[in-house]
Amino acid sequence: MDSLFSFFKNIFSPKEKISRLEQLEGMAKADELFQDLIFTKQIPGLAVTIYRKNEKIFQKGYGYADLKEKTSVDPKKTVFRTASISKCITGLALGKMLEAGILDLEDSFYSHVPYFPQKEHDFTLKQLAGHTAGIRGYRGKEFALNKPYSIKESLTVFQDDPLVFEPGKGYLYNSFDFVLLSLAMQEASGIPFEEYVNNKVLKPLGMNHTIAPQNVGESPLAYNMAQFYTIRAKSFSKAVEVNNTYKLSGGGFLSTSEDIARMGNAILEGKLLKKETYDQLLSSQEVNGTLTYYGMGFQVSIDNEGRSFIGHVGNSVGAYTNFFVYPKEELSIAILINCSNPKVQNELDSVIQQLWADST
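Note that this is a predicted model, so its numbers are computed, not measured.

Caption draft 1: Fine view of the overall build of the protein. Tallying secondary structure elements over the protein gives eleven helices and 13 strands in all. In terms of overall dimensions, the protein is globule-like: its C-alpha atoms have a radius of gyration of 21 Å, near the 21 Å expected for 360 residues. With respect to the three principal axes, the spread of C-alpha positions in the protein is 75 × 45 × 40 Å. Within the protein, the fraction of its 360 residues that count as buried is 53%. Summarising the internal contacts of the protein: among those between residues at least 6 apart in sequence, 66% fall at separations of at least 24. Here the protein holds 38 positive side-chain charges and 41 negative ones, and the gap between their average locations is 5 Å.

Next comes the structure, spelled out in structure tokens:
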């Protein structure tokens, strides 16, 4: 019995694992690294889908969508919270409204939402979309708000607070910017925000497994919903209940890794929007001559190896997400995890770097 125990101990020893990983590269190594996140109980479940040049080159689910029921993750069907990847979806919807002439980026927010309490300074839709409007971020437990607010009703949470800085003079990433942006979009179009997004973005891109939380109950997608977790002392517990309806635009959409990667591929192919519109959305804003590395709904940056990408990292109650689009390499990567910030971004970055080993 002792010898058998020693045998299994040696198989799974850190030294053996390192040796095994050193013998792998590319997708094989990426797969091993993803499996290791499950084996070491750093995350409960993960879905990944990767496109290169309009071809799906990797797709797999790891771990469990529901730990109690032992429901495996299916990257095509398991629905996760997308967290701040929602801002990318909103960015595309904003682009559609710009092209339709429904609104203009330089419009004052108040021209569409005159009932919002007047601040010391005016601010534009472009400043909201690029996080330079001076709106404050979350305080206390607002991150996990569990109230059935509509977009308009949620204004009571932050509408009476002063601007953090004069619009255009600073950068502060936050989700309340997108609450206001979605309200302006809704008022300008005369169509509920989630309905406009569904008709103008999700359906045209074939994102049939992407949904607003308020619509889950009436949808067959409810049967494929992941359970959401938090991690404490290396054990998983159910995340607290939250209602993300009001912040749909900034962190509320639910989706699959398949749908999110497909959205990235559509951007690479120039689908949905005109080139000049994409150029507007995917160009970094500047504050006092310094790049913010944020466009309008999209992070616009470079990775650790100096490669340019657009997309978003997201963290919300019961979810941690990565969405990266590499224009030069024509790569679209979607990674969705059903756990609040599990502190595995370094590991995910290591996985993504393996893609270049299979680039030829």
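Caption draft 2: Broad picture of the pattern of salt bridges. Per the counting criterion, the structure on display carries eleven salt bridges. Between Lys275 and Asp279 there is a salt bridge whose closest N-O contact spans 2.9 Å. With a gap of four residues between them, Lys275 and Asp279 both fall in helix α10 (residues 275–281), about one helical turn apart. On the basis of relative accessibility, which here comes to 58%, the residue Lys275 falls in the exposed class. By relative accessible area, which is 37% here, Asp279 ends up partly exposed.

Caption draft 3: How the structure looks around the nonpolar core. Among the nonpolar cores identified, the biggest contains 78 residues, and Leu92, Phe123 and Met263 are the most heavily contacted of them. In terms of residue count, helix α6 (residues 176–189) provides more of this core than any other element does, eight residues in total. With residues near it in sequence (within four places) discarded, Phe123 still touches Asp107, Ser108, Phe109, Tyr110, Phe116, Leu128, Ala133, Ile135, Leu163, Pro167 and Leu180. Residues Tyr320, Ile335, Val344 and Ile352 belong to the second largest nonpolar core, which totals 26 residues.

Caption draft 4: Just the pairing of strand β5 (residues 229–232), in detail. When β5 meets strand β6 (residues 235–238), the two strands line up antiparallel, connected through four bridges. Its bridge partner lying in β6, Ile231 is registered against Phe236. The antiparallel hairpin formed by β5 and β6 contains two residues in its connecting segment, where Ala233 sits at a positive phi of about 50°.

Caption draft 5: Expanded view of the UniProt feature "domain: Beta-lactamase-related" (unreviewed entry) in the protein. On the UniProt side, "domain: Beta-lactamase-related" (unreviewed entry) is annotated at positions that read residues 31–344 here. This span, residues 31–344, is 25% helix and 21% strand, and a straight line between its end C-alpha atoms measures 15 Å.

The rules behind each value
- Residues numbered from 1 in each chain as written.
- Predicted model: local features only at pLDDT ≥ 70, side-chain atom pairs only at ≥ 80, totals over all residues.
- Heavy atoms only, no water.
- Helix = DSSP H or I, 4+ residues; strand = E, 2+ residues; numbered from the N terminus.
- Rg over C-alpha atoms; globule rule 2.2 N^0.38 Å.
- Buried < 20%, exposed > 50% of the residue type's maximum accessible area, 1.4 Å probe, protein only.
- Contact = heavy atoms within 4.5 Å.
- Lys, Arg positive; Asp, Glu negative; His and termini not counted.
- Charge placed at Lys NZ, Arg CZ, Asp CG, Glu CD.
- Salt bridge = Lys/Arg side-chain N within 4 Å of Asp/Glu carboxyl O.
- Core = buried A, V, L, I, M, F, W, Y, C linked by side-chain atoms within 4.5 Å.
- Pairing = 2+ DSSP bridges.
- UniProt positions renumbered as here; feature names shortened; annotations may be inferred.

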